[in-house]
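This is what each chain is made of:
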Amino acid sequence: MKAVIMQDNKQTKAGAPPPGEKAETARIGAHGGMEQSFGFQKVAEADKQKLVNTVFHSVAGKYDIMNDIMSGGLHRLWKNALVAWLAPPRRPGWRVLDVAGGTGDIAFRMIRASGGQGRATVLDINGSMLQVGKARAAAKGLADKVDFVEANAEKLPFADACFDAYTIAFGIRNVPHIAAALSEARRVLKPGGRFLCLEFSAVDMPLLDKIYDLWSFHAIPRIGQMITGDAASYRYLVESIRKFPRQQDFAAMMAAAGFAHVDYRNMTGGIAAIHSGWKI
Ligand SMILES: C[S@@+](CC[C@H](N)C(=O)[O-])C[C@H]1O[C@@H](n2cnc3c(N)ncnc32)[C@H](O)[C@@H]1O
């Protein structure tokens, strides 16, 4: 992966700990800043999405296996928890939009939980990720229940108020303009519709945060290098986790976008969090 980085940035070596400079590594607050942040590097706003797309084109083929290795399988439990919190109804015509849906994990779970009654749309900006998702849907016999749409979360190609639920899992931190994505999420939801976001978050347990740092900054880029030959993409994924707003700040961004009854649940000591909100 070749990054177009603005001059005030440093490239870190594969597997190196994060650089100590606070501005580079500090978390973004509730007022935005992910637009120019590509991991710990500051990039031109116009380049952020292109760089993110390069990462996911590179990792798409090994994305699912790497998810299991990097999280020790925990991502499956967190995704199950998101689906359980949403509790899809077993009602024909119920529709969920899974944004940044990639290889389809959330959509497939939603269809199963709705007893095959619901319909899911997987939207992603990256055609390579969607290709893997389509092949998986066919292999699972779900091709007629899931649509795949290549588009940007910041500008959804759907009419107002057409989905019952909107989900986004490990996607929002990759979107440059989070406020735009949240506003679009609210627009396409029906009144009474539900927004749920699963994302890596801020660990709130003293020992766990040290272990997690060692694993993230030392092990993951090395494993990424071994399995995909691309340490840089995995370094981005780890760094972007550390830049993403804390639980309370992301909840404030959701409230600012107009969501009601905003709430969140920590998963595994805050390694990940699920945020929930309603369009009323
Ligand atoms: C870490 S993957 C998550 C995939 C899937 N949701 C999961 O949980 O396994 C992040 C996804 O976000 C997508 N993405 C990044 N920027 C996006 C944007 N602006 N609009 C839509 N999707 C985007 C990437 O292409 C990638 O597929």
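Here the structure is shown first, and the text comes after it.
Read on for a plain summary of the structure. Values in this document were obtained by computation on a predicted structure and should not be read as measured data. All residue numbers refer to positions counted from 1 along the written sequence of the respective chain. The model is predicted, so local features are restricted to residues of pLDDT at least 70 and side-chain atom pairs to those at 80 or more, both for listing and for counting; the totals for chains, interfaces and linings are taken over all residues. The side-chain quantities take in all heavy atoms of the structure and omit both hydrogens and water.

1. Regarding the pairing of strand E9 (residues 272-278)
Within E9, 6 of the 7 residues are buried, which leaves the element mostly enclosed by the surrounding structure. Here a strand pair is declared whenever DSSP counts at least two bridges between the two strands. Secondary structure elements follow DSSP: runs of H or I of four or more residues count as helices, runs of E of two or more count as strands, with numbering from the N terminus. Here strand E7 (residues 189-200) runs beside E9; their pairing, made up of 7 bridges, is antiparallel. By the bridge assignment, Leu198 is partnered in E9 with Ile274. Pairing of strand E8 (residues 260-267) with E9 involves 6 bridges; the strand directions are antiparallel. Here the term buried applies to any residue with accessible area under 20% of the maximum for its type, exposed to any over 50%, and partly exposed to those in between, with areas from a 1.4 Å probe on protein chains only.

2. A closer look at the pattern of salt bridges
Any Lys or Arg side-chain nitrogen located within 4 Å of an Asp or Glu carboxyl oxygen qualifies as a salt bridge. Tallying each qualifying case throughout the model produces 13 salt bridges. Across the pair Asp47 and Lys50 runs a salt bridge, and its minimum N-O distance is 3.5 Å. Of this pair, Asp47 and Lys50 both sit in helix H2 (residues 45-59), 3 residues apart, which is roughly one turn of the helix. Its relative accessible area of 16% is what places Asp47 among the buried residues. A salt bridge links Arg109 to Asp105; its shortest N-O distance comes to 4.0 Å. Linking Arg109 with Asp105, this pair stays in helix H5 (residues 105-113), spanning 4 residues, or about one helical turn. Exposure class is identical for Arg109 and Asp105. Each is buried.

3. Side note on H2
Expected helix span is taken as 1.5 Å per residue step, with the number of steps being one fewer than the number of residues. A rise of 1.5 Å per residue sets the reference length of H2, with its 15 residues, at 21 Å; its end C-alpha atoms lie 23 Å apart and thus fit the reference within 8%. For H2, the set of buried residues is Asp47, Lys48, Gln49, Leu51, Val52, Asn53, Val55, Phe56 and Val59. For H2, the secondary structure elements touched by its buried residues are strand E1 (37-38), helix H3 (63-71), helix H6 (127-139) and helix H9 (231-243). The contact definition used throughout considers only heavy atoms, calling two residues in contact when any of these lie within 4.5 Å.

4. Some thoughts on the packing of aromatic side chains
A pair of aromatic rings is counted whenever rings of Phe, Tyr or Trp (Trp by its six-membered ring) have centres within 6.5 Å, and the orientation is called stacked for planes under 30 degrees apart, edge-to-face for over 60 and tilted otherwise. Evaluation of the coordinates by the stated rule reveals 9 aromatic pairs. Ring geometry for Trp78 versus Phe170: centroids 6.3 Å apart, planes at 55°, classification tilted. Taken together, the positions of Trp78 in helix H4 (residues 74-86) and Phe170 in the loop between strand E6 (163-169) and helix H7 (178-188) put the pair 92 residues apart, joining distant regions of the chain. Overall, Phe170 belongs to the buried group, its relative accessible area being 9%. Between Phe158 and Phe163, the aromatic rings sit 5.1 Å apart at their centres with planes inclined by 85°, giving edge-to-face as the arrangement. With a relative accessible area of 17%, Phe158 lands in the buried category. When its relative accessible area of 0% is taken as the criterion, Phe163 is described as buried. One aromatic cluster is present, formed by Trp78, Phe170 and Phe200 through successive ring pairs. Against the face of Trp85 rests Arg265, its NZ or CZ located 3.8 Å from the ring centre. A positively charged side chain is recorded as over a ring if its NZ (Lys) or CZ (Arg) lies within 6 Å of the ring centre. The angle to the ring normal must also be within 35 degrees.

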